[in-house]
Amino acid sequence: MGVVLVSTELYPSYYVGGLGVAVRNYFEAYKLAGIDASVIAICRDNTERNVYCAEPDGFVYSNISGVVEKLNRIADLTGVSGDIIHANDWFTYPVAEYIKKQRGGGIVLTIHMPHFNDSERKAVERADLIIAVSNYELSMLVGVYGNSIRDKAVVVYNVTDWTVVEARELARRVFGSSNRLEARKRVVEFVNNVAVAGKLSESCDKLVVSWGRLTGQKNLVFLLPLAEELEKDTCVLVIGRYVNDVYADVLASLIKMYSARGKIALVRDLDVVFIKAIAYASNVAVFPYVFEPFGIASIEAQAVGTPVVVNAENGLAETVAPPSVAVSIAETDRFFKAVQRIADETHDEDLAGVERARGKAVEHVDRRFRLGRLAEDLKKIYFEVRARLF
């Protein structure tokens, strides 16, 4: 079985958000499944075997036609071919068709973030198999593109390689302690040195964290009234990846208005080492995203033993199990109370019950969102597509 994986992002060399991480996990899953794979992607300075990079020229999504040309050129130069060509979102579907026309192969298309445009409709209609990343997303795709796509559509959840063991060691290395309570104190000091907006008071014993791209879709402005409603000893940290300067500037300005109270702070573009360590040290992670097909950040947080509160109105709801909870952001009071409750319940790290609760979050991820499961799912799908076509 040979696969060509095509993407506009590939973590860690170049990524804007969760797509690059998801595609990296596909590539790692191939190794577990014994699948011979090549990757054509927008990425930088990659020396990995069978990974072929086209260098990004500015923001990748500002010139899709140029991206397609670059990736087609890489396909020509490398001569890659496979039984399956796996495209990721509609941006790379034309590249998959280009390779198929020259060398054959079936096309699998994962839709990580639906755009519901003519290009995506064409890709959905022509692909041999569609992967949706949640049941929520699949229902939307069926609603827009018609019930006929059900016969060639499956749901494959994203996964994470974050572990509590690694995060605990990173907390010890970065913040001087693997004890979550002690590490939180150091996190507050660190944040106040690097924040681009706001600050955290020394009385912040409990930490609520959120991370993601600074775009309207992530709805991080929701965290401002949350910070206001939480108890005095409970503060909010926003870790933003800057891709939309206008939204980021507005959010930073709003946070500065709250800075005198020491309840919320914004830091930007942290290395993943720091994000993992901070996630581990935090009491609860919050993801109030408005439109989210899946939400990798949710399973990353739970993987390091940090329960989450997520918006119940989208694919995030499929990522959680107790002690984590999904609550509609329309039910503001319930949402805020859920965050405070979990922050309180995870505060005293010496209580066995606290670690049991955190352990349940880890177990949930281990059962449903690990590379082994992804490897099995992809291998099964590819063989079914190959059997159908050949």
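Note that residues are indexed from 1 along each chain, following the sequence as it is written. A pLDDT threshold of at least 70 governs which residues receive local features in this predicted model, and a stricter bar of 80 or more applies before side-chain atom pairs are shown or counted, although totals over entire chains, interfaces and linings include all residues. Processing note: side-chain calculations cover all non-hydrogen atoms of the structure and skip hydrogens and water entirely.

## Examining the state of the cysteines
- The disulfide criterion is simple: two cysteine sulfur atoms within 2.5 Å. With the rule as written, the count across this model stands at two disulfides.
- In this model Cys-43 forms its disulfide with Cys-53; the gap between the sulfur atoms is 2.0 Å. Around the S-S axis, the bridge from Cys-43 to Cys-53 shows a dihedral of about -105° and counts as left-handed. Here Cys-53 lies in strand β3 (residues 51-54) and Cys-43 lies in the loop between β2 (36-42) and β3, a separation of ten residues in the sequence.
- Accessibility here uses a 1.4 Å probe with only protein chains present; expressed as a share of the type maximum, an area under 20% marks a residue as buried, one over 50% as exposed, and anything in between as partly exposed. Taking relative accessible area as the criterion, Cys-43 reaches 0% and is therefore assigned buried. Helix numbers and strand numbers start at the N terminus; a helix is a DSSP run of H or I with at least 4 residues, a strand a run of E with at least 2.

## Overview of the packing of helix α7 (residues 180-194) against helix α10 (residues 272-281)
- The contact between α7 and α10 brings their axes to 8 Å, and the two run at 130°. By the angle class used here, α7 and α10 are oblique. For the crossing formed where α7 meets α10, the hand is left-handed. Contact residues: Arg-180, Ala-183, Arg-184, Val-187 and Phe-190 in α7; Phe-274, Ile-278, Tyr-280 and Ala-281 in α10.
- Lys, Arg, Asp and Glu make up the charged group, whereas Ala, Val, Leu, Ile, Met, Phe, Trp, Tyr, Cys and Pro make up the nonpolar group; the residues left over, Gly among them, are polar. Considering only residue class, the contact of α7 with α10 consists of seven nonpolar, no polar and two charged. Angles run from 0 to 180 degrees between N-to-C directions of axes, and those axes are lines fitted to C-alpha atoms, restricted for helices to the stretch in contact. Roughly parallel refers to an angle under 35 degrees, roughly antiparallel to one over 145, roughly perpendicular to one between 65 and 115, and oblique to any angle outside these ranges. Handedness of a helix crossing follows the sense of rotation of the near helix relative to the far helix, less than a right angle counterclockwise being left-handed and clockwise being right-handed. Every residue pair with non-hydrogen atoms within 4.5 Å of one another is taken to be in contact.

## Observations regarding the nonpolar core
- In this structure, Trp-211 and Phe-287 are the most contacted members of the largest nonpolar core, which totals 81 residues.
- In contact with Trp-211, other than residues within four places in its own chain, are Trp-162, Ile-239, Ile-275, Ala-279, Ala-285, Phe-287, Tyr-289, Ala-297, Glu-300 and Ala-301.
- Membership of the second largest hydrophobic core comes to 66 residues, among which are Tyr-26, Phe-27, Ala-153 and Ala-375. The set of buried Ala, Val, Leu, Ile, Met, Phe, Trp, Tyr and Cys residues whose side-chain atoms join them within 4.5 Å is what this entry labels a nonpolar core.

## Structural notes on the packing of aromatic side chains
- Centre distance within 6.5 Å is the pairing criterion for rings of Phe, Tyr and Trp, where only the six-membered ring of Trp is used; planes under 30 degrees apart are then read as stacked, over 60 as edge-to-face, and the remainder as tilted. Inspection of every chain in the model, using the stated rule, returns 17 aromatic pairs.
- Both rings, one in Trp-211 and one in Phe-287, keep their centres 5.2 Å apart while their planes meet at 90°; by these two values the pair is edge-to-face. With Trp-211 in strand β9 (residues 206-213) and Phe-287 in strand β12 (residues 284-287), this pair connects stretches of sequence that are 76 residues apart. The same class applies to Trp-211 and to Phe-287, which are both buried.

## What to know about α7
- Spanning 15 residues, α7 covers 20 Å between terminal C-alpha atoms, matching the ideal 21 Å at 1.5 Å per step.
- Buried within α7 are the following residues: Arg-180, Ala-183, Arg-184, Val-187, Val-188, Phe-190 and Val-191.
- Here a polar contact is recorded for every N or O atom pair within 3.5 Å, except that within protein the pair must consist of a potential hydrogen donor and a potential acceptor, and residues adjacent in sequence are included only if both atoms are side-chain atoms. The N-capping residue of α7, defined by a side-chain oxygen 2.9 Å from the backbone nitrogen of Leu-181, is Asn-179. To estimate the expected span of a helix, count its residues, drop one, and scale the result by 1.5 Å.

## Section: the sheet that holds strand β10 (residues 234-241)
- Should DSSP find at least two bridges between two strands, the strands are regarded as paired. The strand order β8-β11-β10-β9-β12-β13-β14 describes an open sheet built from seven strands, whose pairing is mixed. With one partner strand each, in any of the chains shown, β8 (197-200) and β14 (325-327) form the two edges of the open sheet. Between one strand and the next, the sheet's axes are offset by a mean angle of 30°, whatever the strand orientation.
- Strand direction decides the pairing type here: β10 and strand β11 (residues 263-268), joined by five bridges, are parallel.

## Regarding helix α6 (residues 164-175)
- For α6, spanning twelve residues, the distance from its first C-alpha to its last is 15 Å, which sits close to the expected 16 Å at 1.5 Å a residue.
- All of the buried residues in α6 are Val-164, Ala-167, Leu-170, Ala-171 and Phe-175. Considered in projection along α6, the buried side chains sweep an arc of 120° and stay on one side of the axis. In α6, the exposed positions angled more than 90 degrees off the buried face are occupied by Val-165 and Arg-173. The directions from the helix axis to the C-beta atoms are what the arc is built from.

## Quick look at the environment of Asn-193
- Note on placement: Asn-193 falls in helix α7.
- The class for Asn-193 is exposed, based on a relative accessible area of 68%.
- There is a polar contact of 3.3 Å between the side chain of Asn-193 and the backbone oxygen of Glu-189.

## As for the side chain of Thr-8
- Along the polypeptide, Thr-8 turns up in the loop between β1 (2-7) and α1 (18-33).
- Looking at Thr-8, its side chain comes within polar contact range of the side chain of Tyr-61, at 2.8 Å.
- Look past the residues within four positions of Thr-8 in its chain and what remains in contact with it is Tyr-14, Leu-19, Ile-42, Val-60, Tyr-61, Val-67, Phe-91 and Thr-92.

## Notes on the environment of Gly-66
- Tracing the backbone through its elements, the reader meets Gly-66 in helix α2 (residues 64-78).
- The spatial distance from the C-alpha of Gly-66 to the C-alpha of Phe-190 is 41 Å, given a sequence separation of 124 residues.

## Some thoughts on the pattern of salt bridges
- We define a salt bridge as a side-chain nitrogen of Lys or Arg found within 4 Å of a carboxyl oxygen belonging to Asp or Glu. All told, the structure shown has 19 salt bridges when counted by the stated rule.
- The salt bridge partner of Glu-48 is Arg-24, with a shortest N-O separation of 2.6 Å. Residue Glu-48 is found in the loop between β2 and β3, and its partner Arg-24 is found in helix α1; the two are separated by 24 residues along the sequence.
- Classification of Glu-48 by relative accessible area gives partly exposed; the value is 27%.

None of the figures reported here should be taken as evidence of function without further support.
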